[in-house]
Amino acid sequence: MNTIFYVEHDAVHHSGFVFDVPEGHDCWLLVITKTAAQFWVDGELKEYPPHHAVLYAPHQKIYYRACAEQYVNDWIRLHSDEPYITESRLPRGKPFPLDDPEYCHKLFQLLVEEHSFKKDYQEASMDFLLRTLFNKLLESCVLENIGPQHYPLMKLRTAIHNNPGHPWTVAAMAKTMSISPGYLQLIYKKCFGVSCMDDVIHSRIRLAKEYLRHYLYSVAEIADRCGYRNVEHFCRQFKQITGVSPKRFKQQSVNVLTDRANLDQ
């Protein structure tokens, strides 16, 4: 069971802000930075860039401070006897960079909302949100060498997956990040294991499958909705990736639904 004492997102502190609790709290404290800050780690004060998380166990020394004109963070203070927190492999008192800070920030926003309003399923909802948050933190803490372009790349990839029908080009994507097209292709593949245009293509085909399974659009309409200006090109890429034509894929999907309906009778 978790008992949240306080949770806050986008907490703004002035340049002289210092948080110093030598004996620590009698509960857990999780801090996620949105600006640079200094933390007491291994007997010395170290500066960390934005988008770091640090988990403090009960009675662990806590010391961090602003190192710029403004310090902004998300934080939560809670008691917990849940193993996903008490037995977590996350480092204690040592900041680590976040893989996807926007995702974690959204979870904090939801936690604040759930904590602020008493609802029928509040306890269960907050537990699920905390479990998801700690899973995201675990994903982050095993990563190494998160470079300065990592967060713009994450933002770009999210945009691609959310809107695959957009007329994406390498040149236009590179321009949004103020880097060369060649460098974008290099770091994108290094970060995600796939080229940016292959990511666009696979996102388009994934969307096309959804349309073919559940909508009555024609193949030409689906091609247009997925960002293709040439139906033949769409059909060719679809078959290259799925092994079947769009029409054949749709027929297979209809057959599967028919078989399921017959089994349910």
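The structure we're discussing is the one just above.
What you are looking at is a predicted structure, and each value in this text was computed from that prediction instead of being measured.

Trainee: I'm lost on the packing of aromatic side chains in this one. Help?
Mentor: Aromatic ring pairs are defined here through the distance separating the ring centres and the angle between the ring planes. Inspection of the entire model under this criterion finds 17 aromatic pairs. Ring plane angle 75° and centroid distance 6.5 Å describe the contact between Trp40 and Tyr63, whose orientation is recorded as edge-to-face. Of this pair, Trp40 sits in strand β4 (residues 37-41) while Tyr63 is found in strand β7 (residues 62-66), placing the two residues 23 residues apart along the sequence. According to the relative accessible area criterion, Trp40 is partly exposed, its value standing at 36%. With a centroid separation of 5.2 Å and 55° between ring planes, the pair formed by Tyr228 and Phe234 is classed as tilted. Its relative accessible area of 4% is what places Tyr228 among the buried residues. According to the relative accessible area criterion, Phe234 is buried, its value standing at 0%.

Trainee: What is the right way to look at unusual backbone geometry in this model?
Mentor: The general pattern is negative phi for most residues beyond glycine and trans for most peptide bonds. In this structure, His51 is a non-glycine residue whose phi angle is positive, near 65°. Mapping His51 onto the fold places it in the loop between β5 (44-48) and β6 (52-56). In this structure, Ser178 is a non-glycine residue whose phi angle is positive, near 60°. Structurally, the position occupied by Ser178 is in the loop between α5 (170-177) and α6 (181-192). Take Ser178: its relative accessible area is 68%, and that puts it in the exposed class.

Calculation rules
Per chain, the residues get numbers from 1 upward, laid out in the order the sequence is written. Local features in a predicted model are, by the rule used here, given only for residues with pLDDT of at least 70; side-chain atom pairs are given and counted only at 80 or more, and totals for whole chains, interfaces and linings are based on all residues. Working from all heavy atoms in the structure, the side-chain values ignore hydrogens and water. What counts as a ring pair is set by centres within 6.5 Å for rings of Phe, Tyr and Trp (its six-membered ring), and what kind of pair is set by the plane angle: stacked under 30 degrees, edge-to-face over 60, tilted for all other angles. Each helix is a run of H or I in the DSSP string that is no shorter than four residues. Each strand is a run of E no shorter than two, and both are numbered from the N terminus. Partly exposed describes any residue whose relative accessible area lies between the buried limit of under 20% and the exposed limit of over 50%, with all areas from a 1.4 Å probe on protein chains only and scaled to the type maximum.

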